[in-house]
Amino acid sequence: MSNIVLMTRRVASAAATDMMHTSSRTTAPLISSFGNLSINNNNISAATTITSNNKQLNYFSSMATKKSNIVELPPNLKYDPRAKSSPFYGADEVETSRRKKQLQKKVEGQEAAATTAAENVENNDDDDDEYTDIEDDVDDEADEERVLYDLSTKADVPRAIPLPKRLHVPVMDFNSGDEVGTFHLSEKTFGCDPVRVDILQRVVVWQRNKKRGKRNAGARTKTISEVSGSGRKVRNQKGGGIARAGHSRPAHWRGGAKAHGPKGNIQDYTTKLNKKVRRMGMRHALSQKLLEGNLVITNDMASNTHKTKVLDEMLNRFDVSGKYGVTALMVDDAQAKEGSEDEAFVHGGVNVNLKVASGNLHKIKVQNQIACNVYDMLKYKKLFLSLEAVRALEARLEK
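Cut-off values and rules
Residues numbered from 1 in each chain as written. Predicted model: local features only at pLDDT ≥ 70, side-chain atom pairs only at ≥ 80, totals over all residues. Heavy atoms only, no water. Salt bridge = Lys/Arg side-chain N within 4 Å of Asp/Glu carboxyl O. Buried < 20%, exposed > 50% of the residue type's maximum accessible area, 1.4 Å probe, protein only. Helix = DSSP H or I, 4+ residues; strand = E, 2+ residues; numbered from the N terminus. Pairing = 2+ DSSP bridges. Axes fitted to C-alpha atoms, helices over the stretch in contact; angles between N-to-C directions. Contact = heavy atoms within 4.5 Å. Parallel < 35°, antiparallel > 145°, perpendicular 65-115°, else oblique. Left-handed = near helix turned anticlockwise from the far one by under 90°. Nonpolar A, V, L, I, M, F, W, Y, C, P; charged D, E, K, R; others polar. Phe/Tyr/Trp six-rings, centres within 6.5 Å; stacked < 30°, edge-to-face > 60°. Lys NZ or Arg CZ within 6 Å of the ring centre and 35° of its normal. pLDDT = per-residue confidence, 0-100.

## Describing the pattern of salt bridges
Part 1: If you walk through the whole model with that rule in mind, you get 3 salt bridges.
Part 2: Between aspartate 198 and arginine 196 there is a salt bridge whose closest N-O contact spans 2.8 Å.
Part 3: According to the relative accessible area criterion, arginine 196 is partly exposed, its value standing at 37%.

Listed below in structure tokens is the structure:
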């Protein structure tokens with residue numbers, strides 16, 4: 001029994017010795033690359049400690065950040081970086097000296113290859129070398145055609161101001177374009193979140209159907225049964241060498257009927273939409289303009305002159321009108337007191353000079369707050385509201 005125990009201990013010690021030699025051989029590369037390896041006689045355990053300087057960590061982290069911002073334009077995709085729909089819009093193209101050096105080396109290599117190819121045309125080996133040079137040039141061209149963009153140079157995407165801070169808007173002076181104060185909008189009228197696109201669509205369809213149904217209410221044309229003319233067959237069915245024909249009143253003949261013409265009061269395209277839904281559409285359209293940042297609140301919309309040039313210069317301060325300006329809908333609710341001097345300059349809730357001056361500006365539409373509607377607000381880019389118009393809209397839409 002004792003002999004068996006001694007043999008077992010010897011075998012165990014020999015196995016432990018072999019394990020120590022094997023572990024020391026396998027962990028030798030780890031010692032040189034990662035740190036110090038500590039081995040105990042009782043318990044064989046490997047502990048690796050990685051030590052690195054802060055400078056190296058900062059260097060590698062900056063390199064990783066820089067490389068992550070550099071994006072390659074895929075060669076199989078045709079993107080114009082100047083288009084706003086392109087993911088590279090606003091990003092600068094990476095131009096390095098390495099690319100210029102590669103182009104210079106390519107030109108020098110092509111010249112050298114041309115000279116050597118002219119001297120060694122008869123040798124097959126030289127031909128093979130020429131083919132390999134051509135393949136290398138093709139690979140170099142593929143590398144040089146890579147287009148890189150730095151995404152860190154892109155402008156930040158404008159974000160909407162959250163509620164209720166969004167309702168606190170500046171008040172601009174209409175004549176000078178400077179900020180003269182602030183105003184807090186009603187949350188019920190201008191703070192609809194989220195904006196109901198389905199409600200806007202229903203109101204727009206209702207408006208267009210209403211306009212279409214009342215456009216030609218008195219127009220009516222004659223059908224094929226109402227046009228005067230005989231039902232006699234005008235010519236023989238066969239043998240004339242011409243198309244067959246029956247009576248002389250078809251729509252494609254001169255003096256015939258009108259196909260699909262208006263039918264007067266019978267033809268009506270108007271649809272029904274509840275008044276509450278229409279008011280809801282107005283509130284959501286105003287909220288959408290505020291959310292986009294295209295809502296401009298002015299102290300008033302009084303113009304001192306009826307000259308179109310002066311009004312165009314005033315609107316250029318808001319990036320409206322002109323050759324490169326956007327469209328705008330201007331809503332006012334001017335009220336002149338009886339017997340005052342301003343009574344002659346106000347008509348229909350709009351300043352007369354403003355109405356006359358905007359007549360030749362096709363990008364501008366001026367109207368009273370009563371005529372303000374969802375279709376016009378969505379059609380024009382910016383919405384100008386005077387303080388009087390804001391108060392009138394809030395009182396009318398919050399009933």
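Having put the structure on the table, let's press on.
## Topic: the pairing of strand β10 (residues 364-368)
Part 1: When you tally the buried positions in β10, you get 4 out of 5 residues, the bulk of the element.
Part 2: Across 5 bridges, the pairing between strand β7 (residues 328-332) and β10 is parallel. Counterpart to methionine 330 in the pairing with β10 is valine 366.

## Quick word on the sheet that holds β10
Part 1: With respect to topology, 6 strands assemble into an open sheet ordered β5-β4-β6-β11-β7-β10, the strand pairing being mixed. Looking at the sheet topology across the chains shown, the edges are occupied by β5 (179-184) and β10. When the angles between neighbouring strand axes are averaged without regard to direction, this sheet yields 30°.
Part 2: Sheet analysis places β7 next to strand β11 (residues 382-386), joined by 4 bridges and oriented parallel. By the bridge assignment for β11, valine 331 is matched with leucine 385.
Part 3: Contacts between helix α8 (residues 275-292) and the sheet are confined to β4 (168-172), β6 (295-298) and β11, with β11 contributing the most and set at about 110° to the helix.

## Points about the pairing of strand β3 (residues 147-150)
Part 1: Here 4 bridges tie strand β1 (residues 70-73) to β3, and the two strands are oriented antiparallel to one another. Looking at the pairing, glutamate 72 lines up with leucine 148 of β3.
Part 2: Taken together, the 2 bridges between strand β2 (residues 92-93) and β3 define a ladder with antiparallel strand orientation. Following the sheet pairing, aspartate 92 is matched in β3 by aspartate 150.

## A short note on the packing of helix α7 (residues 197-213) against α8
Part 1: Remark: α7 packs on α8, axes separated minimally by 9 Å, with the N-to-C direction vectors making an angle of 120°. Considering the angle they form, α7 stands oblique to α8. Read as a crossing pair, α7 and α8 show a hand that is left-handed. Where α7 approaches α8, its residues Ile199, Leu200, Arg202, Val203 and Trp206 are matched on the opposing element by Val277, Arg278, Met280, Gly281, His284 and Ala285.
Part 2: Tallied by class, residues from the contact of α7 with α8 come to 7 nonpolar, 2 polar and 2 charged.

## Concerning the packing of aromatic side chains
Part 1: For the structure shown, the criterion picks out 2 aromatic pairs.
Part 2: Measuring from ring centre to ring centre gives 5.3 Å for phenylalanine 318 and phenylalanine 384, while their planes differ by 90°; the resulting arrangement is edge-to-face. Taken together, the residues phenylalanine 318 in the loop between α9 (308-316) and β7 and phenylalanine 384 in strand β11 connect sequence positions 66 residues apart. The two residues phenylalanine 318 and phenylalanine 384 agree in class, both being buried.
Part 3: Directly above the aromatic system of tyrosine 269 lies the positively charged group of arginine 212, at a separation of 3.7 Å from the ring centroid.

## Brief notes about unusual backbone geometry
Residues apart from glycine generally show negative phi values, whereas peptide bonds are mostly found in trans.
Part 1: For the bond running from leucine 163 to proline 164, omega is 0°, close enough to zero to count as cis.
Part 2: In this structure, proline 164 sits in the loop between β3 and β4.
Part 3: Non-glycine residue aspartate 319 carries a positive phi angle of around 60°.
Part 4: Examined against the element boundaries, aspartate 319 turns out to sit in the loop between α9 and β7.

## Some words on the confidence of the model for the protein
Part 1: Across the protein, pLDDT averages 78, with 72% of residues at or above 70.
Part 2: With pLDDT under 50 throughout, residues 1-8 is counted as low confidence; its partners more than four residues away or in other chains account for 0 contacts.
Part 3: Confidence over residues 19-66 falls short of pLDDT 50; this stretch has 22 contacts with residues more than four positions distant or in other chains.

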